[in-house]
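Chain residues, written in single-letter form:
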Amino acid sequence: MRKKMIQGPVRILMVFHSASLTGPNKASLSLLKSVDKSKYKITVACPPKGYFVDYLNDIGVEHIPLEFSQGGDIFTLIRLISILRKNRYHVLHGHLGRTGPLICLAGKVCNVPVTILTEHMNDASHSWIEKDAIKLFFHKLWHTASNNLLDKVIAVSEDTRKNYIKRQGINEKKVAVIYNSVYLGESIQPGRSKEMSSRESIGFNRDDIVIGMVGRLVKGKGYDDVIAASRAIVTYNPRVKFLVVGDGPEMGNLKALARHSGIEDRIKFLGFRADADDLIKIVDLLIQPSHNAPPESFGMVLIEAMASRVPVISSDIAPFKEIVENGINGLLFKKGNPADIAEKVISLLENRNLTNDLVRRGYDTVKEKFSSQKIAKETCDVYKKTLLSKRYLSEA
């Protein structure tokens, strides 16, 4: 049967299993805002309620409800097939591994020309199910089999690419690296009042030096290392305060550690905040102290801070080193080493010229490597080249 050439904009259905404001979803929002809409029409299928959907509506991206259940994805698969049969999409693009088998099967059933997966996860050991040998075996079998139906996999870092190939046993030529991105321009957050994200509203004074941490509060993220380093930092400069944005099971332990360390009155835990982007802009320094356990795939908060002209310090794990060049656009410390954290923080507090240089080069790094305009073009180039290779587009 002769293939029908695509006329007009390429129609893409992106599939997400969550409507929360996760790192992958935030990165995708900036990409969606920067796509050339005259050439590519993107629709998003994801659960019906969540901040992600609010933001999609705000930037004018069509949303189709697609529920993901805890008990299994068979009903999600049926719904996805129904969506594909009602609409003529040229590319089916899933985000995160859970969507992989679904888009492969649905795409095959509905004869979608191109199927692509963006992998945001970086756990080659399958640590979330490694203790259940039977479940691990069938998980690997299911994903390995379905991966053969994918036309392309996009990994959000080189470290993620290497681990994905190791984890899934996929042909390495199928896997490309396209980094996450930030939108350099007016905030894409809908209906947020800047007053809500001001220092005064949180309880900081204008002359406080605020050190920020943003992320999910789970073991292995290294926030306890920063609290352990806090005594030396505060001794050097008593104006230092700490801000933690994010929620998770370690919240109670971190608050207890702050009390034990004598900084209870110097640290604020805000929990989850939809205006985390705006809160990054009010800190004087951002720290990402992860131990890489659970594994990190990228460092979304790092590029958000750089884009906001906030100096960054991070642990020296592989994904972060793809963003931060020590002494060039930020500082790196040895993971799990509070003394090294304190040393790096103090070096910035005492050297304003170094801080200014890191801020300037950090912003330049985002413009050159992580801007949404650049990443949108790279993503659309993957669509175009894959469709060309399968002869659904002409070179003209």
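Residues numbered from 1 in each chain as written. Predicted model: local features only at pLDDT ≥ 70, side-chain atom pairs only at ≥ 80, totals over all residues. Heavy atoms only, no water.

Q: Help me out: how do you make sense of the packing of aromatic side chains in this one?
A: Per the counting criterion, the structure on display carries six aromatic pairs. Ring geometry for Tyr179 and Phe370: centres 5.2 Å apart, planes at 75°, overall edge-to-face. Here the residue Tyr179 occupies a position in the loop between strand S7 (175-177) and helix H7 (199-202), and Phe370 occupies one in helix H14 (residues 352-370), the gap between them amounting to 191 residues. Note on Phe370: relative accessible area 0%, which makes it buried. Here the aromatic cluster, defined as three or more aromatic residues joined through ring pairs, consists of Tyr179, Phe298 and Phe370. The positively charged end of Arg309 is found above the aromatic ring belonging to Tyr363, 3.8 Å away from the centroid. (Phe/Tyr/Trp six-rings, centres within 6.5 Å; stacked < 30°, edge-to-face > 60°. Helix = DSSP H or I, 4+ residues; strand = E, 2+ residues; numbered from the N terminus. Buried < 20%, exposed > 50% of the residue type's maximum accessible area, 1.4 Å probe, protein only. Lys NZ or Arg CZ within 6 Å of the ring centre and 35° of its normal.)

Q: Would you mind showing me how to read the nonpolar core here?
A: When a protein is soluble and globular, its nonpolar side chains tend to lie buried together. Counting 69 residues, the largest nonpolar core has Met14, Val44 and Leu286 as the members making the most contacts within it. Ignoring any residue separated from it by four or fewer positions in sequence, one finds Val44 in contact with Leu13, Met14, Phe16, Leu32, Phe52, Leu56, Val61, Glu62, His63 and Ile64. Core analysis: the next-biggest nonpolar cluster, separate from the first, contains 29 residues, Ala229, Val240, Ile287 and Ile341 among them. (Core = buried A, V, L, I, M, F, W, Y, C linked by side-chain atoms within 4.5 Å. Contact = heavy atoms within 4.5 Å.)

Q: I'm lost on the pattern of salt bridges in this one. Help?
A: Note on pairing: side chains with opposite charge can pair once their charged atoms come close. Under the definition given, this model contains 16 salt bridges. Between Arg199 and Asp284 there is a salt bridge; the shortest N-O distance is 2.5 Å. Taken as a pair, Arg199 in helix H7 and Asp284 in the loop between helix H10 (276-280) and strand S11 (285-288) lie far apart in primary sequence, 85 residues in all. The exposure class of Asp284 is partly exposed, given its relative accessible area of 34%. Measuring nitrogen to oxygen at the nearest pair gives 2.9 Å for the salt bridge that ties Asp275 to Arg273. (Salt bridge = Lys/Arg side-chain N within 4 Å of Asp/Glu carboxyl O.)

Q: It is not clear to me how the sheet that holds S7 should be interpreted in this structure. Could you clarify?
A: What links the strands of a sheet is backbone hydrogen bonding, and the strands pair in either a parallel or an antiparallel sense. If you trace the seven strands from one edge of the open sheet to the other, you get S3-S2-S1-S4-S5-S6-S7, paired in parallel fashion. Two strands in the sheet have a free side with no partner beyond their single neighbour: strand S3 (62-65) and S7. Pairwise comparison of adjacent strand axes, ignoring direction, gives a mean angle of 25° for this sheet. As defined by bridge partners, strand S6 (residues 152-155) adjoins S7 across three bridges and the pair is classed as parallel. By the bridge assignment, Ala155 is partnered in S7 with Val177. Of the strands in this sheet, strand S2 (40-46) and S3 are in contact with helix H2 (residues 51-58), which crosses S2 at around 155°. (Pairing = 2+ DSSP bridges. Axes fitted to C-alpha atoms, helices over the stretch in contact; angles between N-to-C directions.)

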